[in-house]
Amino acid sequence: MASPIGSLLWKEWREQRWKLGYGCGTLGAFTAIGLRARLLPDLGIVFLSGALGAGIMSALVAMGLVAAERDEGSLECLLALPVRPAVVLITKLAVGAAACLAPLAVAAAVACLMAGGREMTTGRILLAYFGCGEFALCALVWFTAFGLRQPTEAQAVLVAIIVFGVWYAIHIVFTELPYGWDEPGALTGMAHPFGFSVFLTSPDRSYSAGHAAALLAVQAAEAGLLLLWALARFGRPGRATT
Amino acid sequence: MRRDIALAWKQWRQLRWFLALGLAGFAGLPAISAALRYLKHGEDFLPDLGHEMIWMLGAPMAIIIGTAAAAPDMRDDLRAFWGSRPISLTTWLLTGYLIGLVIVVLLCILPPAVDAAALALTHEAPWFYSYGLSTMAVVPFAAGLVYSIAFLLACTVRRASHAALLSYAAGLLVLFMPLVMPPLGSLSVLNLLAESGHVAVRPADVFGSLGGPPAGLRLPFSDLYLSFSRQYYTFAGVMAAACVLVLALTRLAVGRVWRVDAGQRVVCWTGGLVVLVLFGATALQIGSNLPVRHTIAMGPPGSAPTLIALSVQASGHGGVVLLQQRQSSTAGRPPEAPAHFLRAVEMADGSPSLGPLVPVAREPSSATAGCRLLCTAASPDRAYGLLDETNMHHGEPGVEPETLVLELLTVALDGADGDPVIGCLDLLDAIPEPASFRPLNSCAYGGRLYLGSTERTVVVDLSDPDTPRVAHVVDREELRYYVTGSPDGPDRTVELRPLPLPDRKEFRHRVSGRPDGPERTVELRLLPLPDLTPRERLAVGLQLGLVGTVEQRAEGDLVVVAGREDLTTYRVTEIDEERAVLEMAGCRRATPLERYFARGVWDMVLRDGLAYVVRARSAAIVTVYDLRDPERPTLAGHYAAPKEQFDNVVVLPDGRAMLANRELHVIGLPRRLAEGE
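Numbering of residues starts from 1 in every chain and runs along the sequence as written. To read the labels, note that chains go from A and ligands from 1, taken in the order they are written. Where local features are concerned, this predicted model is filtered to residues with pLDDT of at least 70; where side-chain atom pairs are given and counted, the filter is 80 or more; whole-chain, interface and lining totals use all residues.

## Overview of the overall build of chain A
Helix and strand counts for chain A come out as 9 helices and 0 strands. Listing each helix as α and each strand as β along chain A from the N terminus yields α-α-α-α-α-α-α-α-α. Across the 242 residues of chain A, 44% fall into the buried class. The contact rule is simple: place each C-beta atom from the backbone, and if two of them lie within 7 Å, those residues are in contact. Of the contacts made within chain A by residues no fewer than 6 positions apart, 79% connect residues no fewer than 24 positions apart. Each helix corresponds to a stretch of at least 4 residues labelled H or I by DSSP, and each strand to a stretch of at least 2 residues labelled E; elements are numbered beginning at the N terminus. Here a residue counts as buried when 20 or more other C-beta atoms fall within 10 Å of its C-beta, as exposed when 12 or fewer do, and as partly exposed in between; the C-beta atoms come from the backbone.

## Notes on the nonpolar core
Under the definition applied here, buried Ala, Val, Leu, Ile, Met, Phe, Trp, Tyr and Cys residues are grouped into a nonpolar core through C-beta atoms within 7 Å. Judged by nonpolar contacts, the single largest core of 236 residues is most densely connected at Ala136(A), Val146(B) and Ala611(B). Sorting elements by how many residues they give to this core places helix 5 (residues 127-156) of chain B first, with 18 residues. All domain edges in this entry derive from an automatic or database-based domain assignment. Counting contributing residues per domain, this core is built from domain 1 (2-286) and domain 2 (292-674) of chain B, each supplying no fewer than three.

## So, the packing of helix 1 (residues 4-37) of chain A against helix 10 (residues 264-286) of chain B
Their axes nearest at 10 Å, the elements helix 1 of chain A and helix 10 of chain B cross at an angle of 5°. With respect to helix 10 of chain B, the axis of helix 1 of chain A lies roughly parallel. Contact residues: Trp18(A), Tyr22(A), Thr26(A), Ala29(A), Phe30(A), Ile33(A) and Ala37(A) in helix 1 of chain A; Arg265(B), Cys268(B), Trp269(B), Gly272(B), Leu276(B), Phe279(B), Gly280(B) and Ala283(B) in helix 10 of chain B. Here the contact of helix 1 of chain A with helix 10 of chain B is built from residues that sort into 11 nonpolar, 3 polar and 1 charged. To get an axis, fit a line to the C-alpha atoms, keeping to the stretch in contact for a helix; angles then go from 0 to 180 degrees between the N-to-C directions. Note on terminology: angles under 35 degrees are roughly parallel, angles over 145 are roughly antiparallel, angles of 65 to 115 are roughly perpendicular, and the others are oblique. Each residue gets one label: Ala, Val, Leu, Ile, Met, Phe, Trp, Tyr, Cys and Pro are nonpolar, Asp, Glu, Lys and Arg are charged, and the others, such as Gly, are polar.

## Some remarks on the environment of Ala191(A)
Residues and elements named next belong to chain A. Here Ala191 is to be found in helix 8 (residues 187-191). Sequence separation between Ala191 and Ala217 is 26 residues; the distance between their C-alpha atoms is 9.5 Å. Ignoring any residue separated from it by four or fewer positions in sequence, one finds Ala191 in contact with Val218 and Glu222.

## Structural notes on the confidence of the model for chain B
Residue and element names in this part refer to chain B. The predictor's confidence in any single residue is recorded as pLDDT, a number from 0 to 100. Counting all residues, the mean pLDDT for chain B is 78, and 79% of those residues have values of 70 or more. Taken element by element, the predicted model of chain B shows its lowest mean pLDDT in helix 11 (residues 505-512) (34) and its highest in helix 9 (residues 230-255) (93). In the predicted structure, residues 478-518 sits below a pLDDT of 50 and forms 62 contacts with residues beyond four places in sequence or in another chain. Overall fold confidence for the complex sits at a pTM of 0.68, while the interface term, ipTM, reaches 0.75.

## Brief notes about helix 7 (residues 153-175) of chain A
In this model, helix 7 of chain A (23 residues) spans 33 Å end to end at C-alpha, consistent with the 33 Å of a helix rising 1.5 Å per residue. Three or more residues of helix 7 of chain A are buried, namely Glu153(A), Ala154(A), Ala156(A), Val157(A), Val159(A) and Ala160(A). A helix is expected to span 1.5 Å multiplied by its residue count minus one.

## What to know about the sheet that holds strand 16 (residues 456-461) of chain B
All names here are of chain B. Two strands are said to pair when DSSP picks up at least two bridges between them. Pairing is antiparallel across the open sheet formed by 4 strands, whose spatial order is 14-15-16-17. Looking at which strands have only one partner, the edges of the open sheet turn out to be strand 14 (441-445) and strand 17 (469-475). Across this sheet, the average inter-strand angle for adjacent strands is 20°, counted without regard to direction. With 5 bridges joining them, strand 14 and strand 15 (residues 448-452) adopt antiparallel strand pairing. Each residue of the ladder has a partner; that of Cys443, found in strand 15, is Tyr450.

## Section: the sheet that holds strand 13 (residues 421-426) of chain B
All names here are of chain B. Spatially, 4 strands are ordered 10-11-12-13 in an open sheet, and the strand pairing comes out antiparallel. Unpaired on one side and paired on the other, strand 10 (370-374) and strand 13 mark the two borders of the sheet. With direction set aside, neighbouring strand axes in the sheet form an average angle of 25°. The sheet contact formed by strand 11 (residues 382-390) and strand 12 (residues 403-412) spans 9 bridges and is antiparallel. Bridge pairing links Asp388 to Leu406 in strand 12.

## Digging into the packing of helix 2 (residues 50-70) of chain B against helix 6 (residues 160-180) of chain B
Residue and element names in this part refer to chain B. Two numbers describe how helix 2 lies on helix 6: the axes approach to 9 Å, and their chain directions differ by 145°. Regarding helix 2 and helix 6, the two cross each other, and that crossing is right-handed. Residue-level contacts link Ala59, Ile63, Ile64, Gly66 and Thr67 of helix 2 to Ala160, Ala163, Ala164, Ser167, Tyr168, Gly171 and Leu175 of helix 6. Split into classes, the residues belonging to the contact of helix 2 with helix 6 amount to 8 nonpolar, 4 polar and no charged. Two helices that cross are described as forming a left-handed crossing if the nearer one is turned anticlockwise from the farther one by less than a right angle, and a right-handed crossing if clockwise.

Structural data, given as structure tokens:
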């Protein structure tokens, strides 16, 4: 007899696998067309497929994790299983993370095969997609945490758009500040989810390994806090209904 | 009537928050940005981002409003309620539609109007605020159509979120399909915004100088008129008609209760496929489709690309590359002189290999030293470097620019010991023009080099390859031709066209009075170059003639002019010692996407009825045109290398093309051309 966690994983996989296939197909095709056509420098195509793909896939996955269950009325059944609610959410997030990261891995593989060593070294391409993957995971946690109590998928994705809009507004405002918010070592830049962009900078604006490690640590701590907040709220009754 | 007003009031209350939110975003954020710029940099307080935000976010806002205007009332329970009210379906739909449309139009007009007003108060020249006015005139039509489609989908798709996402896909098609499909180009909002002249702000006296009364809308508080092109009226008419059509379709769909149950998968795959179709169509139109045969790094393998190729020239063995060593700059110190090298490219068994580095320059004394490369097929072991140096960095303000060095260096490529520079021909006496306006064209033809400046053409004889000598100096003052600007004005814009061929609109307008196309027949005066047949003089003269972003070449009876916007072919119908008469055969206009991604023409080679054109903007693009039927020039292939900057192209005997910058690229022809179709 399968364990409850195994069953949960299988259920999530069945629900999310089309998103994984969709992401792999579209991101892989987009990357291949862009790198073959060379409309933009390779870094531009890597940025478009990686960063935009990460943002879109994380929003798409996040809207289907909890809000969809609530909308269909199946969340109560899940919470009634003999596992802690936190385990249910973590299982969902694990499968969601796979659905976010697999398309980026496919795009990275396509980029390395088609353009490795052409304008960017294979190492830089992989590093850029690593940064995009980090952004995808952060965005998934942010979108899930803030959309956790939404009764429908539409409202969950609306919350994701609002979160992204707030990030962007903060980015615009802080960019105009005089002390260089995104300079290496600035905590504001490291705490901002757009901080992953250092992994996409050109070799002329390189960053130190220490800066990258500090950025990852700050963003991991931030995501961890958000995850704890989400876990604390997950078992409680949600908003009424649509 | 009271029922209609009540319905409108209900719809207004439902949608007014979108107006407030949109105005706060589209006018408020630019104001915040302007305030921060004012506080940080002390610039003028100018909220000039409103029109850009409308460009980017106007269509998404229209989709949200379109969905919000229709979806709430389309829920099954409310639909039944409205069906029971004594109000016609048409009135109900039309009221909801129009209130939303008014909000969309207000959102597209008010922020750019604020921009335009702020800029008009601080800047007198109309072009400062013409972007805002263009946005106000163009974007509402496209946003209106996107809104109409969103309204239709919200009425027919069961779930509002899915309707909105499908609307995004449809909006992408409305906005971008005309951009990537050339036949639909006149319906593209982006083309109208990017191309100048469709919405123009002109003072009244301009119309008088054009011989007509003022046309267009007079702007308030000014003597300026807003005039529109024919393409604008076509665009506006089609967009308005499409809105009416979509509204009629909506009425039909709601009346017959057509409901589509589009799931999340349908929505996602639709959106993804639309993006891929648009991206793929763009890539097919302007992306690389020529096969890359070889790429070789210019420097040692694995090293940073400090050796950059400036140009590549054909030689007897294959080619020669002129390289410049990139110097590191140090703060507080003047830039060091660039070091130049030559490197032979041997084409053995069709594969290129690079020869040893051969230093060219003889102690250049400043960073203003430049070098260009000339080679001839007759002397494959010799290359000629035209070294020039000006006083641009030495001169104090007010000091006339002066040419300090202009030498033709003879360089031995055969690896002989000792100084590879085996000869030096001083050309300062032959070409003494000041450096500021000394565009110098050069070409090798037969056993001679031709150097063309604004004043004269110098012929260098290479009958002894090691000892070049000046054979002739031909004065070409009489062949000056000014196209734009006043030659005597303080800000003169001079373009020398000793052999004028039509390309630019200004030129066409001035010469032929017909701004809609180039002239059919052009008569050229040939340069009085000795020892050449008239056809050779035509070919050399065309190559030396133009300076700037236009190139013209001749091969047999075919003359080709490649410019920013078109490629024009001419046939030589008459030619004698004095003149050549050309008749236009065909013309290929660049598509908007081609114009966007590649502008100036840097080089062109004609070979066997194919034109290899090097264009550049942010990326180097080589385009091959098939001109074997000169009346129908067709596109045969592209090659784009975004990180590279190609100065010129060399065509090898088998039709492959050789380009060089950070790397040496050898590209092939499309299969149908390579197989000699």
